[in-house]
There are 2 protein chains.
Amino acid sequence: MLAPSKTGIMETKGNKQKWGTEMSYNDRFIRAVRQEPVDRVPVWYMRQAGRYDPDYRKIKEKYSLLEICQQPELAAEVTMMPVKKLGVDAAILYSDIMNPVASIGIDFDIVANVGPVIANPIRSAADVERLKPIDVEGDLNHVLETIRILDRELEVPLITFAGAPFTIASYLIEGRPSKNYLRTKALMYSEPEVWHKLMHKLGDMVITYLRAHMAAGGKAFQLFDSWVGALAPHDFRTFVLPTIERIFAELSDLPQPKIYFPGVASGELLTELHDVQANAIGLDWRVSIPEGRRRLGNRFAVQGNLDPVVLTAPQQVIEAHAKTIIDQGLQQPGFVFNLGHGLFPEASLDKLKDLTAFVHRYSAEAIAAGKAEGASSHV
Amino acid sequence: MLAPSKTGIMETKGNKQKWGTEMSYNDRFIRAVRQEPVDRVPVWYMRQAGRYDPDYRKIKEKYSLLEICQQPELAAEVTMMPVKKLGVDAAILYSDIMNPVASIGIDFDIVANVGPVIANPIRSAADVERLKPIDVEGDLNHVLETIRILDRELEVPLITFAGAPFTIASYLIEGRPSKNYLRTKALMYSEPEVWHKLMHKLGDMVITYLRAHMAAGGKAFQLFDSWVGALAPHDFRTFVLPTIERIFAELSDLPQPKIYFPGVASGELLTELHDVQANAIGLDWRVSIPEGRRRLGNRFAVQGNLDPVVLTAPQQVIEAHAKTIIDQGLQQPGFVFNLGHGLFPEASLDKLKDLTAFVHRYSAEAIAAGKAEGASSHV
């Protein structure tokens, strides 16, 4: 049984019933992100509320992603489904990284089998000029209401999220998902002032949006920079990193732990992140946990990094991969088991349930046996 | 003026006119790949015969890629176009990595705006079983004839190429270009014996095909593993590397220099390549040249690695990026300037011509000024 966290963040409004006599709240995720001892490795999966789940698919037959988001009770239910079904140690708000951009003046739709499609892509100084400040309470109250419901209902921490400026910009500029980010990089290289203004405005959007999430009851947040790994490190440093550093600096007064996920193929960017005021960094599957920690200067908790496609394999293969990751993760405090990228629709509910149980069981045994350096059993 | 190479490979049949009294043959590419001194950095571009060139687009209006390949005179002409127009230091055979697979029993087509599409994807042991050995002379004589023509015509080395087994397998299994390689990895994880048999057969295909290229007059070859960077390093080591090592070991008697290009997002795989008997390794743009060399144990020449999307930028931005790469490249012998991935149709002929001239001029000055460690002017 876990003692209440000493970090204090669980004592904020909305969670009072989870502290005191009732001890069922599972704060392992928060403790691990803070590099505190845990009795087993916490697990969650990016895109854990998704099409691999037949019940979710049924809901999606009736409502689009954005329609679900606009109904707080339903969005909260969808958020909680994988917590109940898989036994994961954190919930992630059901939403989309594009959700807030309507509020800054972008018309978009999420098209089935395509992704976000933007009616009027951002390609000029004038386009950037006309972006408005985000109005979270006015335009995105449904998101805050979903967070409030989840804060009352959940017995695991709620992670909320935002898309990072580069990744959001790639959609706004290309107008749709892109393979090579030609237009995005063309704007970046050809009109650096316009680019930096766009990064600044999207940074402001992210800061305001995440601050509102945390005020509404979010227990941690993750900044998703899914596609920034398309940049060479020196371009990342010049065109993106200043905004990432600013976002985390401006939110550093918040007690909730903060995660930056630089997305796929981001191994070369890790050495650039030393000054980002995040608690944890998400790793994709290409970089091993020890190498990732080394590049990060051993400053951060790490989260990851099973190749989601390994979930197509037989269970013993999945577990062999997971075992390697857990063994590496437990070499230092501060490890959260996750994937290296979001779940695919082809993933299986049963395999995910088994994997979650395996991570819990195997890591609990390893920690109890004292195999883990720096991690210890916490009774 | 360059003296003839001492490596001897230029003295093989077909190039006799280029040695002796006539001194115009440009062997800088060969010398750089062999880590020999050069008076300027050699340049070529992956997919340098391509849609960015209006004359090429005109030819493509009349003929498909495969139809061009089947006409040796035309294929040779297309191969030579960028040599004449851009002033690059090597030609790369106009072909497609899928070209040889018809000979092993795969029906495929290259569909405009899609890529290779396979009528009967390989997904079972029986599918792998029915793959035949390649018959280069019988089925691919047009490729050999193209190489023979180019061997007579070119005044720069001809690089030929093959697709590497993982990359070819990804098309054969998925049936078309893929983003996540779900089916490919599923086969690899779920039926490792079938997978290894497929790798073995594709390895045999590559070995026979490239050996025939070299016999016909190819002056170097590159093995393109464009998509293998999708694998975590331990999966690469288990499922792919043994075949890569075998290909280069079995071809190690050939005097021609050999390049392995592990494609995009392959930085984490470089440390695995130490025992590959290649002369040079291609780097994608995410990893810096010094870091790439370090991971490769300083054993190889390196080739790369401008982000092809930088070619959308104004010329001074392109040159600033190129300058950094050249400065890094010249820190050690063995550097060939290239892109980190193939050229896009959106690239511009004029910018490429200017870039090529810039690399030549800037690197010649740096070498002449003795800035380059280990590289020296060769008069």
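Predicted model, so just to flag it, every value in this text is computed and none were measured. (Residues numbered from 1 in each chain as written. Chains lettered and ligands numbered in written order. Predicted model: local features only at pLDDT ≥ 70, side-chain atom pairs only at ≥ 80, totals over all residues. Heavy atoms only, no water.)

Novice: Which parts of the structure should I look at to understand the environment of Glu174(B)?
Specialist: All names here are of chain B. For Glu-174, the location among the structural elements is in helix α8 (residues 165–174). Considering only alpha carbons, one finds Glu-174 and Ile-149, 25 residues apart in sequence, at a separation of 35 Å. Residues within four places of Glu-174 in sequence aside, it is in contact with Arg-123, Ala-169, Tyr-181, Leu-182, Arg-183 and Thr-184. There is a polar contact of 3.1 Å between the side chain of Glu-174 and the backbone nitrogen of Arg-183. (Helix = DSSP H or I, 4+ residues; strand = E, 2+ residues; numbered from the N terminus. Contact = heavy atoms within 4.5 Å. Polar contact = N/O pair within 3.5 Å; in protein donor to acceptor, adjacent residues only side chain to side chain.)

Novice: Please clarify how helix α10 (residues 192–216) of chain A should be interpreted in this entry.
Specialist: For the α-helix, the turn length of 3.6 residues means that residues three or four positions removed from each other point alike. With 25 residues, α10(A) should cover 36 Å at 1.5 Å per step; its first-to-last C-alpha distance of 36 Å lies within 8% of that length. Immediately downstream of α10(A), the backbone of Gly217(A) shows phi near 130°, a positive value. (Expected span 1.5 Å × (residues − 1).)

Novice: Is there a simple way to think about the interface of chain B and chain A in this case?
Specialist: It is common to report an interface's size as the accessible area lost on association of the parts. Each partner contributes residues to the interface: chain B has 34 residues there, and chain A has 34 residues. Of the roughly 2,700 Å² buried where chain B meets chain A, counting both sides, 58% is carbon and sulfur surface. When the buried area of chain B at its contact with chain A is split by residue, Leu182(B), Tyr189(B) and Arg286(B) rank highest and sum to 24% of it. For Asp307(A), the salt bridge goes to Lys185(B), with nearest N and O atoms at 2.6 Å. Connecting chain B to chain A are 10 residue pairs in polar contact (both at pLDDT 80 or more). The set of elements that each furnish at least two residues to the side of chain B that touches chain A consists of α9 (182–190), α11 (233–239), α13 (289–295) and α14 (315–329) of chain B. Sort the elements by how many residues they give to the side of chain B that touches chain A and α9(B) lands first, with five residues. When its residues are assigned to classes, the side of chain B that touches chain A shows 18 nonpolar, seven polar and nine charged. (Buried area = accessible area lost by both parts, 1.4 Å probe. Salt bridge = Lys/Arg side-chain N within 4 Å of Asp/Glu carboxyl O. Nonpolar A, V, L, I, M, F, W, Y, C, P; charged D, E, K, R; others polar.)

Novice: What is the right way to read the sheet that holds strand β7 (residues 280–282) of chain A from this model?
Specialist: Within a sheet, each strand pairs with its neighbour through backbone hydrogen bonds, oriented either parallel or antiparallel. Here we have seven strands laid out as an open sheet, ordered β1-β4-β5-β6-β7-β8-β9 (chain A), and parallel in their pairing. Edge strands, defined here as strands with exactly one partner in the open sheet, are β1 (91–92) and β9 (335–339) of chain A. (Pairing = 2+ DSSP bridges.)

Novice: Explanation requested: the environment of Ser266(B) in the structure shown.
Specialist: All names here are of chain B. By the secondary structure assignment, Ser-266 is in the loop between β6 (258–261) and β7 (280–282). On the basis of relative accessible area, Ser-266 is assigned to the buried category, the value being 1%. Counting along the chain gives 64 residues from Ser-266 to Leu-330, while the straight-line C-alpha distance between them is 22 Å. Those residues within four positions of Ser-266 in sequence are excluded, and the remaining contacts are Gly-229 and Asp-284. (Buried < 20%, exposed > 50% of the residue type's maximum accessible area, 1.4 Å probe, protein only.)

Novice: Just checking my understanding: could you explain the confidence of the model for chain A for this structure?
Specialist: Low-confidence regions, as indicated by low pLDDT, have predicted coordinates that should not be scrutinised in detail. All names here are of chain A. Summarising the model, chain A shows a mean pLDDT of 92, and 92% of its residues fall at 70 or more. Every residue in residues 1–22 is under pLDDT 50, and counting partners more than four places away or in other chains gives 53 contacts. For residues 374–379, every residue scores under 50 in pLDDT, and the model assigns this stretch 12 contacts once sequence neighbours within four places are set aside. With pTM at 0.92, the complex prediction returns an ipTM value of 0.91. (pLDDT = per-residue confidence, 0-100.)

Novice: Hey, could you run me through the side chain of Arg28(A) in this one?
Specialist: Considering the arrangement of structural elements, one finds Arg28(A) in helix α1 (residues 28–33). In this structure the side chain of Arg28(A) is engaged in a polar contact, spanning 2.6 Å, whose partner is the side chain of Asp39(A).

Novice: What's the story with the packing of α8(B) against α9(B) in this structure? I'm lost.
Specialist: For any two helices packed against each other, the geometry comes down to the angle between their axes and how far apart the axes lie. Residues and elements named next belong to chain B. Contact geometry of α8 with α9 gives a least axis separation of 8 Å together with a crossing angle of 105°. Taken together, α8 and α9 sit at an angle that is classed as roughly perpendicular. Across the interface between the two elements, Phe-166, Ala-169, Ser-170, Ile-173 and Glu-174 of α8 pack against Leu-182, Arg-183, Thr-184, Leu-187 and Met-188 of α9. Grouping the amino acids of the contact of α8 with α9 by side-chain chemistry returns six nonpolar, two polar and two charged. (Axes fitted to C-alpha atoms, helices over the stretch in contact; angles between N-to-C directions. Parallel < 35°, antiparallel > 145°, perpendicular 65-115°, else oblique.)

Novice: Where do I start with unusual backbone geometry in this structure?
Specialist: The bulk of non-glycine residues show a negative phi, and the bulk of peptide bonds are trans. Residues and elements named next belong to chain A. Asn-305 follows Gly-304 through a cis peptide bond whose omega is -10°. In this structure, Asn-305 sits in strand β8 (residues 301–306). A positive phi is found at Gln-35, a non-glycine position, where the angle reads about 60°. Topologically, Gln-35 is positioned in the loop between α1 and α2 (54–62). Its relative accessible area of 33% is what places Gln-35 among the partly exposed residues. The phi torsion at Arg-47 lies on the positive side, around 60°, for a residue other than glycine. Its place among the elements puts Arg-47 in the loop between α1 and α2. Looking at Arg-47, the relative accessible area reads 47%, which means it is partly exposed.

Novice: Hey, could you run me through the packing of aromatic side chains in this one?
Specialist: For any pair of aromatic rings, the description consists of the separation of the ring centres together with the inter-plane angle of the planes. All names here are of chain A. Under the definition given, this model contains 18 aromatic pairs over all chains. Counting every residue linked through ring pairs, the aromatic cluster contains Phe-161, Phe-224 and Phe-261. Positioned above the aromatic ring of Phe-300, the side-chain terminus of Arg-299 is 4.6 Å from the ring centre. (Phe/Tyr/Trp six-rings, centres within 6.5 Å; stacked < 30°, edge-to-face > 60°. Lys NZ or Arg CZ within 6 Å of the ring centre and 35° of its normal.)

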